Protein chains: 2
Amino acid sequence: MILSRACNYGILASLYIAKEERTKTGYTSIRHLSEELNISFHFLTKILQTLTAEGILHSHKGPKGGVMLARNADEITILDLVYAIDGEDIFTECVLGLPGCGNEEPCPMHFQWAEVRENLKDMFEHKTLAETAGEVEEMKLRLSNFVRGEKQ
Amino acid sequence: MILSRACNYGILASLYIAKEERTKTGYTSIRHLSEELNISFHFLTKILQTLTAEGILHSHKGPKGGVMLARNADEITILDLVYAIDGEDIFTECVLGLPGCGNEEPCPMHFQWAEVRENLKDMFEHKTLAETAGEVEEMKLRLSNFVRGEKQ
DNA sequence: TTGATTTAAGATTAAAAGCTCTTTATAATC
DNA sequence: GATTATAAAGAGCTTTTAATCTTAAATCAA
Ligand code: FES
Ligand code: FES
């Protein structure tokens, strides 16, 4: 798995929030998110707490509470979410697991891997929540593991 | 981590064997490999058993026994090793963890990810053990986590 | 034939990741 | 103020991955 499960869920939830905020204002409850996306409520809560601590989301307790994007949706990239949840390890670690990946002491895959992982990073960096949430609506892309038809 | 630890070890050991076989003939003992590469002997044994079962290595018990490449080194790619140990999941799974990755029901990252993972696959497929072991010797690339100087 | 050496196989333990449960703090509404 | 809805925090359980340990089987050499 390239991203952790927590990271997958964090991205899906953030995209859902961004999509909601295209039309409505205010907070989205985590309970609602967990039901719509079919993600464990408590697990999702913890993930979104991390995103809140990292300044990507803003949260509010009590009735009518929930989470919302802390910045404009075009100023948040998928890369921001990956960094916040999984850290930068995928983009700095040796693909063969050797310590201290770099040009000084390269492993046999280093130069090829360095290029691929740069592409990977660009891919995440060029996808903003604004643009991607737009595509989700226009192209009716899925954000959950529900089979077509079931649940909405 | 993009590859499992078992896969990292399997690749490093296979490269070491390929490098040895450029000059010497016969079996390389797993004990020797585990010491040179600083990998747990029993763990490495299990990984190489898998590669033997997959027809990539050939093994022999008893004194003077060990493992050797079952095919010519230019007919084994790193991709063969990844498939044998980790399977093809990285190259077929949804980057957001949704079930049934494909063009029919794409997730918001599908088309970009499909391209990057194809590059990743090409990268592994274009590296044969022969070529890579050659580079390791010529460029003095490292295969172990020993710091420079320590242990050879 | 016996003893040493080596891989094979499987049981066991340890660590990490994934997930659930409970309790607490905060805020809105009645 | 009481009640209810919500996020925050952390303890604890489960599953997967990583690593170790033990025993068996095969092979070689003396
Ligand atoms: S040293 Fe291995 S990928 Fe950089
Ligand atoms: S459906 Fe998500 S990457 Fe293919």
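Residues numbered from 1 in each chain as written. Chains lettered and ligands numbered in written order. Predicted model: local features only at pLDDT ≥ 70, side-chain atom pairs only at ≥ 80, totals over all residues. Heavy atoms only, no water.

Draft legend 1. Spotlight on the pairing of strand β2 (residues 66-69) of chain B. Here strand β1 (residues 57-60) of chain B pairs with β2 of chain B via 4 bridges, running antiparallel. For His60 of chain B, the partnering residue across the bridge sits in β2 of chain B and is Gly66 of chain B. (Pairing = 2+ DSSP bridges. Helix = DSSP H or I, 4+ residues; strand = E, 2+ residues; numbered from the N terminus.)

Draft legend 2. Main features of the protein's contact with DNA strand D. What surrounds DNA strand D is a group of 22 residues, the closest being Ile30 and Ser59 of chain A together with Ser40, Phe43 and Pro63 of chain B. Considering DNA strand D, the proportion of its atoms within 4 Å of the protein that are sugar or phosphate atoms stands at 65%. Between DNA strand D and Gly62 of chain A, the relevant distance is 3.5 Å, taken from a base oxygen to a main-chain nitrogen or oxygen of the residue. At 2.9 Å, a side-chain N or O of Ser40 of chain B approaches a phosphate oxygen of DNA strand D. Of all elements in the fold, only α3 (41-53) and β1 (57-60) of chain A together with α1 (5-20) and α3 (41-53) of chain B reach the threshold of two or more residues within the surface near DNA strand D. Examining the composition of the surface near DNA strand D, we find that 3 residues originate from one element, α3 of chain B, more than from any other. (Near = heavy atom within 4 Å. Polar contact = N/O pair within 3.5 Å; in protein donor to acceptor, adjacent residues only side chain to side chain.)

Draft legend 3. View of the packing of aromatic side chains. Using the criterion set out here, one finds 6 aromatic pairs over all chains in the structure. Each ring, one from Phe91 of chain B and one from Phe124 of chain B, has its centre 6.3 Å from the other, and the planes form 75°; the classification is edge-to-face. Residue Phe91 of chain B is found in helix α5 (residues 89-92), and its partner Phe124 of chain B is found in helix α6 (residues 110-125); the two are separated by 33 residues along the sequence. There is no split in this pair, since Phe91 of chain B and Phe124 of chain B are both buried. In this structure an aromatic cluster arises from ring pairing among Tyr83, Phe91 and Phe124 of chain A. Directly above the ring of Phe41 of chain A sits Arg31 of chain A, whose terminal nitrogen or CZ lies 3.9 Å from the centroid. (Phe/Tyr/Trp six-rings, centres within 6.5 Å; stacked < 30°, edge-to-face > 60°. Buried < 20%, exposed > 50% of the residue type's maximum accessible area, 1.4 Å probe, protein only. Lys NZ or Arg CZ within 6 Å of the ring centre and 35° of its normal.)

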